[in-house]
Amino acid sequence: MAAKTLFEKIWDAHVVRTEPDGTTLLYVDRQLVHEVTSPQAFESLKLAGRKPRRPGATLAVPDHNVPTTDRKLGIADPISAKQIQTLEENCRDFGITIFGMNDSRQGIVHVIGPEQGFTLPGMTIVCGDSHTSTHGAFGALAFGIGTSEVEHVLATQCLIQNRPRTMEIRVEGKLSERCSAKDVILAIIGKIGTAGGTGYVIEYTGSVIRALTMEGRMTLCNMSIEGGARAGMVAPDDKTASYIKGRPMAPAGHLWEQAVKAWQALPTDSGAKYDQTVELKAEQIAPQVTWGTSPGMVTGVDGKVPDPKAMPDEKSKQSTERALEYMGLTPNTPITQITIDKVFIGSCTNSRIEDLRLAASFVKGKTVAKSVHAMVVPGSGLVKQQAEQEGLDKIFKDAGFEWREAGCSMCLAMNADVLLPGERCASTSNRNFEGRQGAGGRTHLVSPIMAVAAAVEGHFVDIRNWK
Amino acid sequence: MQSFTTHTGLVAPLDRVNVDTDQIIPKQFLKTIKRTGLSEGLFYDWRRKKDGSQDPEFFLNQPRYKNATILLTRDNFGCGSSREHAPWALLDQGFRCVIAPSFADIFYNNCFQNGILPIVLKADDVQALFKGAAKEGYQLTVDLAAQTVAASGGATYRFDIDPFRKDCLYKGLDAIGLSLQHASAIAAYEKQRISDAPWLFTDLTAR
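Reading the values: rules and limits
- Residues numbered from 1 in each chain as written.
- Chains lettered and ligands numbered in written order.
- Predicted model: local features only at pLDDT ≥ 70, side-chain atom pairs only at ≥ 80, totals over all residues.
- Helix = DSSP H or I, 4+ residues; strand = E, 2+ residues; numbered from the N terminus.
- Buried ≥ 20, exposed ≤ 12 C-beta atoms within 10 Å, placed from the backbone.
- Contact = placed C-beta atoms within 7 Å.
- Pairing = 2+ DSSP bridges.
- Nonpolar A, V, L, I, M, F, W, Y, C, P; charged D, E, K, R; others polar.
- Axes fitted to C-alpha atoms, helices over the stretch in contact; angles between N-to-C directions.
- Parallel < 35°, antiparallel > 145°, perpendicular 65-115°, else oblique.
- Left-handed = near helix turned anticlockwise from the far one by under 90°.
- Core = buried A, V, L, I, M, F, W, Y, C linked by C-beta atoms within 7 Å.
- Expected span 1.5 Å × (residues − 1).

(A) How the structure looks around the overall build of chain B. Scanning chain B from N- to C-terminus turns up seven helices and seven strands. Helices (α) and strands (β) of chain B occur, in sequence order from the N terminus, as β-α-β-α-β-α-β-α-β-β-β-α-α-α. Principal-axis analysis of the C-alpha atoms gives chain B an extent of 65 × 45 × 25 Å. Counting every position in chain B, which comprises 207 residues, the buried fraction comes to 42%. Counting only contacts in chain B whose residues sit at least 6 apart along the sequence, the fraction spanning at least 24 positions is 70%.

(B) Just the sheet that holds strand S4 (residues 58-60) of chain A, in detail. Residues and elements named next belong to chain A. Judged by pairing direction, the sheet is parallel, and its five strands sit side by side in the order S5-S4-S3-S6-S7 without closing on themselves. The open sheet has two edge strands, strand S5 (97-98) and strand S7 (141-144), and neither has a second partner. Here S4 runs beside S5; their pairing, made up of two bridges, is parallel. Following the sheet pairing, Ala 60 is matched in S5 by Ile 98.

(C) Just the pairing of strand S1 (residues 15-18) of chain A, in detail. All names here are of chain A. Where S1 lies against strand S2 (residues 24-27), three bridges are found, and the strand directions are antiparallel. Of the residues in S2, the one forming a bridge with Val 15 is Leu 26. Counting the residues in the hairpin turn of S1 and S2 gives five residues, including Gly 22, whose phi is positive at 95°.

(D) Quick peek at the interface of chain A and chain B. Facing 67 residues of chain A, the contacting portion of chain B comprises 48 residues. At the level of elements, S1, S2, helix H2 (39-47), helix H3 (78-94), helix H5 (147-156), strand S8 (158-161), helix H10 (253-264) and helix H11 (314-327) of chain A are the ones that each hand at least two residues to the side of chain A that touches chain B. Per-class residue counts for the side of chain A that touches chain B are 26 nonpolar, 28 polar and 13 charged.

(E) View of the environment of Lys 261 of chain A. Tracing the sequence through the fold places Lys 261 of chain A in helix H10. Judged by local crowding, Lys 261 of chain A falls into the exposed class, with 9 C-beta atoms found within 10 Å.

(F) Representation of the environment of Lys 384 of chain A in the model. Residues and elements named next belong to chain A. Considering the arrangement of structural elements, one finds Lys 384 in helix H13 (residues 381-389). Put simply, Lys 384 and Arg 404 are 20 residues apart on the chain and 8.5 Å apart in space, counted from C-alpha to C-alpha. When near neighbours in sequence (up to four residues on either side) are disregarded, Lys 384 contacts Pro 378 and Ala 406.

(G) Region of the structure containing the packing of helix H6 (residues 181-192) of chain A against helix H8 (residues 214-222) of chain A. Residue and element names in this part refer to chain A. Where H6 contacts H8, the axes come no closer than 8 Å and their chain directions differ by 25°. If you check the angle between H6 and H8, you find them roughly parallel. The way H6 lies across H8 gives a crossing that is right-handed. In this structure, H6 uses Ala 181, Lys 182, Val 184 and Ile 185 to contact H8, whose residues at the interface are Gly 216, Arg 217, Thr 219 and Leu 220. Looking at side-chain class alone, the contact of H6 with H8 contains four nonpolar, two polar and two charged residues.

(H) Looking closely at the nonpolar core. Ranked by internal contacts, the top residues of the largest apolar core, which has 203 residues, are Val 343 and Ala 454 of chain A together with Ile 99 of chain B. Setting aside anything within four residues of it in sequence, one finds Ala 454 of chain A in contact with Ile 340, Val 343, Ala 426, Val 446, His 459, Phe 460 and Val 461 of chain A.

(I) Structural detail: helix H7 (residues 183-196) of chain B. Given a rise of 1.5 Å per residue, 14 residues ought to cover 20 Å, and the 20 Å separating the end C-alpha atoms of H7 of chain B matches this to within 8%. Along H7 of chain B, only zero of the 14 residues are buried, which leaves the element largely exposed.

(J) Up close: the sheet that holds S2 of chain A. Residue and element names in this part refer to chain A. Pairing within the open sheet is antiparallel, and its three strands lie in the order S1-S2-S8. A strand with exactly one partner marks an edge of an open sheet, and here the two such strands are S1 and S8. On average, adjacent strands in this sheet sit at an angle of 20° to one another, irrespective of strand direction. Sheet analysis places S2 next to S8, joined by four bridges and oriented antiparallel. When the sheet's bridge partners are listed, Leu 25 is paired in S8 with Ile 160.

So, in structure tokens, the structure goes:
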């Protein structure tokens, strides 16, 4: 048998039929649904008199619009409230399982999938959300789709797809102390650019990736889309199986044994070919900070804000100038001299228990700078519970952080958590686009411990030699 | 879905790279449960000055582009969020075609679901079209069957498109209807798969 990559094995196992031009009807094992990208899909389904083919293969949760303050008070914004109510009605009408806003299991869709054991290796998983790539951390083929495709999957449990190309991103060596998966993925995007992965599915390989925890792998795969790739994947191993075992929706008993055996056959065969390979050395990755309005506009914390005059061509010069104007930054300013107003620890990139544990360990005994407003938004109700059992909430609150309810929150500011015009934020989220965290707001993407240090000092610091 | 055969229309140039879907339509417009009326949010922040007033410099605020139906732009258009609200907003504004040297995958795909034709042309060709679009009233004719973009009295550019996508867009086919024609193949796939990988079929039951 020909040697195959992880991607090829999963793709081939999900082909229902192929058109002469290669267009494939691909079977979808699981779909996740949230309130923002689904109402129009359900509406069309109703209008066409169609029913979901496998309602039990879909899990829904409201996350984008939910308030992170006291939920007993309901949702102040009537339009947000209506969208969440619509999701609940649609799930009821179509027999789809939903974790409602007041369910302790509610959380960010890409946090709860893995947390519940809904996400499994070898699966095809979709969601009307570009950060669906997160689930690739388990060795699944997971990618974001539009609303019309959400409807398509509901109606047919399939999608019409073109086979993407494969890109291996190999990270070898040993990461510097206090450098994390977030720094690795930001460095990767800095290298390949925000369109470098367009048309590809990325498989992350190498000693650094193998050494990452499942949470780290999720952070890594989460931002694949920021490099243009719809999906990023990591081959499943013992860590993957240990993470999944015993979770509420994970297979159990003889099905578990059978599944684990199948997962062992998933990793890329030796001799299998990728369409492209990119290599990075871990030793060259410093803690990363974005300075611009696209995730590829990134540098090490020991670097400086770039000078548009030094750009190789007119287009990069223009986009750099525009980004610096928006960000209110002067060329050649050392990154560590950039002062901040807000800190956001959360999002589907960095809001899992391990992120919070690590961040808390750096906060202990310290105080948020007077000039800074800082908040922690756990990724799910269960992450929040776990953190509270471990006393992490107390550590954060004692230091001056706000401790909130679970949701997407200030990653995209669809709820009340918003940056004001001109405010500068150190954020553990995934996008630093203009206005992403609020119109006129300025976002710097960093790892959780970089965010914590910035909160305490009021400006970015090199976490490698902090305290 | 509206079919796309040939289209002649006014060109509006947006000379920026990496235009993300957060710029095409910001978050506050994603709270809707409808697909219509989204042109109000199209490039909402870019249309305005810092004080909130309309920026007369922004291309869509200029009377000459009021009736534009072809958007001309640069690399990696539509990157970022998967929100289909982006093509919905473009369509609601009247755009039927977007021309760029490259597109982000999800946006590209979402266009086809909505009767919008995204056309990839070589960067040099796009540059030539930008030069042409400097002239007021610059129009292009797009012929999907022939896979060409033609400037009146000017050059003709050929573009590539997957045959399947082309056919669906040309005929305005309902993609779900097409897949449902293969219901028996889907059922056969499921039957085999349940036996090979039964743990994938432990479905949730809604309470």
